[in-house]
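Chain by chain, the residues run as shown.
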Amino acid sequence: MDTALEEKRLQEITALCKNRGFIFQSSEIYGGLRSAYDYGPLGVELKRNIINEWWRDMVYSRQNVVGLDASIIMHPKVWEASGHRAGFADPLVDCLICKERFRADKAPKKIAGEAVTIQLADKGKAKEALDFIEKNLSLQLTRNKKNIEGAVASERGYVCLNCNSPFLSEERQFNLMFRSFMGPVDPMEEVANAVENGNFEGLKGKDLRQAMEKILNPSTVFLRPETAQAMFVQFNNIQRSMSLKLPFGIAQAGKSFRNEITTRYFIFRSCEFEQMEMEFFCHPDEDDQWLDFWKKERMNWWHRYANKPENFKFRQHSPDELAHYSKDCYDVEYKFPWGWDELEGIANRTNYDLKKHEEASGKRLQYRDPESGEMYFPHVIEPAAGATRAVLAYLDDALDQDEIPDSKGELQKRTVLRLHPRLAPYKVAILPLLRKEGMPEKASQVADQFFQAGINARYDEVNAIGKRYRRHDEIGTPYCITIDQDTIEDNTVTIRDRDTTKQERISIEEAVDIVKNRLAEG
């Protein structure tokens, strides 16, 4: 996609999120914190609605799936056994031109020797970059407005994902887990004492780091980088306490933390995010068929709430990109403004995790078949979706512009967020036509009826009725109920549909049931 269009679309989404109370930059009054976001009144509702719909489909609609809400901080040995502590790192690269830091495995691929055009933000940046290249890299390239031409891709086979430059630093490993410390004593005090006592004298580099780690390790803990491991660690407790027979699943939705390097594309990749994961345990001979089953189930779920289901697709992992524990894996990808990218991974993790945790803990994590008595490690199919990414995908899917007639019959542009009604933050807006003649009081009574029915409603009396309609169109409210003079006389109201703008007259007594039925129908 054209970079300008990509940026414009993201700017539209970001502006909507800030101006209408969906998502704000964290700690904004202090300059913000990169890759950290706060979900405002509407954003928290949208995200919770997505998670609730996932939970309803994965847990409440199935007899063989149960839930778990595990601690964010787990025993450090969990992450040693899973391989996260030793290997959960990404290759980190710095662009020598624009200074962007990014993951090498996420960079645009190029063939060695292929011509590339370096794209800077403006002519001034391009001139500075050209001077840098001539002085530090001894290369003679040419500038064309804000672009630099004449460069070629290097042997490493990728370029900067920000400016398309092939001039990059060497790759370095970057640990993605957030470290913290547990216990009343600050371990840094012990490190300071060791320095004062000369315990580190003569140590350098790796030896010095190891000596310091020896002091820090006893109190070191990590914020979980994924929710999955708790479901493996608690496999026995859940299976026995709930008397579960294979196949069965354990589902969990919650926060994970990764010290991300590349933090572009708004909330798509952030340091703190929410996952919706399920580990489905099955007999090893049945893993292929269950992978096919969950592929279909999960894609159907994404399509259910989408306006444009064609913007969702599967991408199978090639053998060289499969995780070491994975037999097969498919990504559900969405066509974001910048192109296709991952929303969910559906992986066959085999029995890797249960075996590793049994080896490390010494506790048996095998399953005994109650009929045959056979003991074995179940294989695991893992549908792992990003709730945070789902928010961004469904916002992009829903954000639209069209033209509708105003009170004079003239076409006017409007911004409308065509969220699925069950995902919408507010299901219905209650609008008194005027702030007099008993209309606000009557509207407040109607709003209370929706609250009592468990339907999230919004009482709104600010601005003219037309502006209020547009405001609720823009935040995705599927229905608006207007209380007017006729309401006072005959107890009827007008209900307006967001997408069609069609209005119809109904009685107050049936308003809650009508909205409830439409929400159920989706």
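For the structure given in this document, a descriptive report is provided here. Starting from 1, residues in each chain are numbered consecutively following that chain's sequence as written. At least 70 in pLDDT is required for a residue's local features to be given in this predicted model, at least 80 for side-chain atom pairs to be given and counted, and no such filter applies to totals for whole chains, interfaces and linings, which use all residues. Side-chain numbers here rest on the full set of heavy atoms in the structure, without hydrogens or water.

1. A word on the pattern of salt bridges
Salt bridge criterion: a side-chain nitrogen from Lys or Arg within 4 Å of a carboxyl oxygen from Asp or Glu. Within this structure, the stated rule accounts for 35 salt bridges. Across the pair Glu 53 and Arg 56 runs a salt bridge whose closest N-O atoms are separated by 2.9 Å. Placement of both Glu 53 and Arg 56 in helix H2 (residues 41-60) is noted, with a separation of 3 residues, approximately one turn of the helix. The rule is simple: take the accessible area with a 1.4 Å probe, protein chains only, and divide by the maximum for that residue type; under 20% is buried, over 50% is exposed, in between is partly exposed. On the accessibility criterion, Glu 53 (9% relative accessible area) is buried. Glu 344 is paired through a salt bridge with Arg 298; the nearest N and O atoms lie 2.8 Å apart. Taken together, the positions of Glu 344 in strand E16 (residues 339-350) and Arg 298 in helix H10 (residues 287-304) put the pair 46 residues apart, joining distant regions of the chain. Grouping residues by exposure puts Glu 344 and Arg 298 together as buried. Put simply, DSSP marks the helices as runs of H or I at least four residues long and the strands as runs of E at least two long, and each gets a number from the N terminus on.

2. Description of the packing of aromatic side chains
Paired rings are identified among Phe, Tyr and Trp, the last through its six-membered ring, by centres lying within 6.5 Å, and are further divided according to the angle between planes into stacked (under 30 degrees), edge-to-face (over 60) and tilted (the rest). Considering all chains together, one arrives at 25 aromatic pairs under this definition. Ring centres 3.9 Å apart and planes at 5° place the aromatic pair Tyr 265 and Trp 338 in the stacked group. Taken as a pair, Tyr 265 in the loop between strand E12 (248-257) and strand E13 (272-282) and Trp 338 in the loop between strand E15 (328-336) and E16 lie far apart in primary sequence, 73 residues in all. For the residue pair Tyr 265 and Trp 338, the accessibility class agrees, reading buried in each case. By way of ring pairs, the aromatic residues Tyr 265, Phe 268, Trp 301, Trp 302, Tyr 305, Phe 312, Tyr 334, Phe 336, Trp 338 and Tyr 394 are connected into one cluster. We call a charge positioned over a ring when the NZ of a Lys or the CZ of an Arg lies within 6 Å of the ring centre and within 35 degrees of the ring normal. Above the ring of Tyr 39, the side-chain terminus of Lys 47 is found at 3.9 Å from the ring centroid. The ring of Phe 132 carries the charged tip of Lys 99 above its face, separated from the ring centre by 5.0 Å.

3. Quick look at the pairing of E15
Most of E15 is tucked away: 8 of the 9 residues are buried. Strand pairing requires that DSSP identify at least two bridges connecting the strands. Both strand E14 (residues 312-316) and E15 contribute to a ladder of 5 bridges, which runs antiparallel. Note on E15: the bridge partner recorded for Gln 316 is Tyr 330. Summarising the sheet, E15 and E16 pair through 9 bridges and their orientation is antiparallel.

4. Thoughts on the sheet that holds strand E25 (residues 492-497)
Ordered by their spatial adjacency, 5 strands build an open sheet running E23-E22-E24-E25-E26, and the pairing between neighbours is mixed. Among the strands making up the open sheet, the edge pair consists of strand E23 (457-459) and strand E26 (503-507). Taken over all neighbouring pairs, the strand axes of this sheet differ in orientation by 25° on average, direction set aside. Sheet topology note: the strand E24 (residues 479-483)/E25 ladder contains 4 bridges and is antiparallel. Bridging from a neighbouring strand, Thr 482 pairs with Thr 494 of E25. Lying over the sheet, helix H13 (residues 439-452) contacts strand E22 (428-432), E23 and E24, oriented at roughly 165° with respect to E22. Here, axes are lines fitted to C-alpha atoms. For helices the fit covers the stretch in contact, and angles between N-to-C directions go from 0 to 180 degrees. Any two residues whose heavy atoms approach within 4.5 Å are treated as being in contact.

5. Notes on the nonpolar core
Counting residues in hydrophobic clusters, the biggest one holds 55 residues, and the most contacted among them are Phe 22, Ile 50, Trp 302 and Tyr 394. Sorting elements by how many residues they give to this core places helix H12 (residues 387-398) first, with 8 residues. Other than its neighbours up to four places away in sequence, Tyr 394 contacts Ile 50, Trp 301, Trp 302, Tyr 305, Ala 306, Phe 312, Leu 419 and Leu 423. Here, nonpolar core refers to any group of buried Ala, Val, Leu, Ile, Met, Phe, Trp, Tyr and Cys residues whose side-chain atoms link them within 4.5 Å. Core analysis: the next-biggest nonpolar cluster, separate from the first, contains 25 residues, Met 74, Met 231, Phe 232 and Tyr 376 among them.

6. As for the sheet that holds strand E8 (residues 147-152)
Taken in spatial order, the 3 strands make up an open sheet running E6-E8-E7, and their pairing is antiparallel. This sheet does not close on itself; its edge strands, each paired only once, are strand E6 (115-119) and strand E7 (142-144). Ignoring strand direction, the axes of neighbouring strands in this sheet form an average angle of 35°. In the sheet, E6 pairs with E8 via 4 bridges, with the strands oriented antiparallel. Counted as the bridge partner of Ile 118 is Ile 148 from E8.

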